[in-house]
Amino acid sequence: MPSPSRRTILRGASLAVLGSLAGCAGRFGNSPWLGELGATNRDARPHTIHVLLLEADSPVYWTSKRVPAAGPDGLGTATFEGYPDGVEPDRLLVRPDGRPLAAAERFDFAEYDADCLGLDVEIGDGRPPSLSIWYTAGSAPCRTTGPPE
């Protein structure tokens, strides 16, 4: 077996250095972790929202949540709980009742340069109601969950 080239050794050493700095100087391409996941309903009708959280293309959390209607007292809100701590998700798929999974809204975590994200699924008041995913980056969404160990 031939000995490794100098370029191969340097590449390996560079990866080792970058990996050792990952906890101190950013995520280096890793997905941010999920600190909060909620839903806001602007529609006058309640809706059920289905979420699927994927890590390495494997489901790690899936659930449904009934989001109350918006009314004179304010918007309808719901909080998703129970997703696993320490997960660095790749993608979130969200769909309301009546839409197939293929038509789900997608949120790709790797597109965001942050350690932590808070997500809010917003249901619009049109017919049919629109669905969008808003995010908050920084330390605020992860105050209660903290980084993965």
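Here is what the cut-offs are and how they apply
Residues numbered from 1 in each chain as written. Predicted model: local features only at pLDDT ≥ 70, side-chain atom pairs only at ≥ 80, totals over all residues. Heavy atoms only, no water. Helix = DSSP H or I, 4+ residues; strand = E, 2+ residues; numbered from the N terminus. Core = buried A, V, L, I, M, F, W, Y, C linked by side-chain atoms within 4.5 Å. Buried < 20%, exposed > 50% of the residue type's maximum accessible area, 1.4 Å probe, protein only. Contact = heavy atoms within 4.5 Å. Pairing = 2+ DSSP bridges. Axes fitted to C-alpha atoms, helices over the stretch in contact; angles between N-to-C directions. Phe/Tyr/Trp six-rings, centres within 6.5 Å; stacked < 30°, edge-to-face > 60°. Salt bridge = Lys/Arg side-chain N within 4 Å of Asp/Glu carboxyl O.

Trainee: What is the right way to read unusual backbone geometry from this model?
Mentor: Note: most residues except glycine have negative phi, and most peptide bonds are trans. Located in the positive-phi region is alanine 56, a residue other than glycine, with phi close to 55°. Its place among the elements puts alanine 56 in the loop between β2 (47–55) and β3 (58–67). A positive phi angle is found at aspartate 57, which is not glycine, with a value near 60°. Take aspartate 57: it is sitting in the loop between β2 and β3.

Trainee: Hey, could you run me through the nonpolar core in this one?
Mentor: For soluble globular proteins, nonpolar side chains are generally found buried alongside one another. Judged by nonpolar contacts, the single largest core of 22 residues is most densely connected at Leu37, Ile49, Val51, Leu92, Val94, Phe109 and Leu119. Mapped onto this core, the elements with two or more residues apiece are β1 (33–41), β2, β3, β5 (91–96), β7 (116–123) and β8 (131–137). A per-element tally of this core places β7 first, with 4 residues. Here phenylalanine 109 is in contact with Ser31, Pro32, Leu34, Leu53, Pro89, Asp90, Arg91, Leu92, Leu117 and Leu119, once residues within four sequence places are set aside.

Trainee: Just to check I follow, could you spell out the sheet that holds β5 for this structure?
Mentor: Remark on secondary structure: sheet strands pair via backbone hydrogen bonds, oriented parallel or antiparallel. With antiparallel pairing, the 4 strands of this open sheet are ordered in space as β3-β2-β5-β6. Lying at the two open borders of the sheet, with one neighbouring strand each, are β3 and β6 (105–108). In this sheet, neighbouring strand axes are inclined to one another by 15° on average, regardless of whether the strands run parallel or antiparallel. Strand direction decides the pairing type here: β2 and β5, joined by 6 bridges, are antiparallel. Counterpart to leucine 52 in the pairing with β5 is leucine 93.

Trainee: What is the right way to read the packing of aromatic side chains from this model?
Mentor: What characterises a pair of aromatic rings is the spacing of the ring centres plus the angle enclosed by the ring planes. For the structure on display, the rule yields 5 aromatic pairs. Taken together, a centroid distance of 5.7 Å and an interplanar angle of 80° make the contact between tyrosine 61 and tyrosine 83 edge-to-face. With a gap of 22 residues between them, tyrosine 61 in strand β3 and tyrosine 83 in the loop between β4 (76–79) and β5 connect regions that are remote in the sequence. Both residues of the pair, tyrosine 61 and tyrosine 83, count as buried. Judged by centre distance (4.5 Å) and plane angle (55°), the ring pair of tyrosine 112 and tyrosine 135 falls under tilted. Placement of the pair is tyrosine 112 in the loop between β6 and β7 and tyrosine 135 in strand β8, with a sequence separation of 23 residues. Residue classification places tyrosine 112 among the partly exposed residues on the basis of a relative accessible area of 24%. Overall, tyrosine 135 belongs to the partly exposed group, its relative accessible area being 43%. One aromatic cluster is present, built from ring pairs that chain together Phe107, Phe109, Tyr112 and Tyr135.

Trainee: What exactly am I supposed to notice about the pairing of β4 here?
Mentor: Consecutive side chains along a regular strand alternate between the two faces of the sheet. By the alternation rule, side chains of β4 split into Gly76 and Ala78, which are all buried, and Thr77 and Thr79, of which none is buried. Bridge count between β1 and β4: 4 bridges; the pairing is antiparallel. Its bridge partner being in β4, asparagine 41 is matched across the sheet by glycine 76.

Trainee: I'm lost on the pattern of salt bridges in this one. Help?
Mentor: Evaluation of the coordinates by the stated rule reveals 4 salt bridges. Between aspartate 43 and arginine 127 there is a salt bridge, and its shortest N-O distance comes to 2.9 Å. Placement of aspartate 43 in the loop between β1 and β2 and of arginine 127 in the loop between β7 and β8 is noted, with a sequence separation of 84 residues between them. Residue aspartate 43 is classed as buried on the basis of its relative accessible area of 1%. Through salt bridges that share partners, Asp43, Arg45 and Arg127 make up one connected network.

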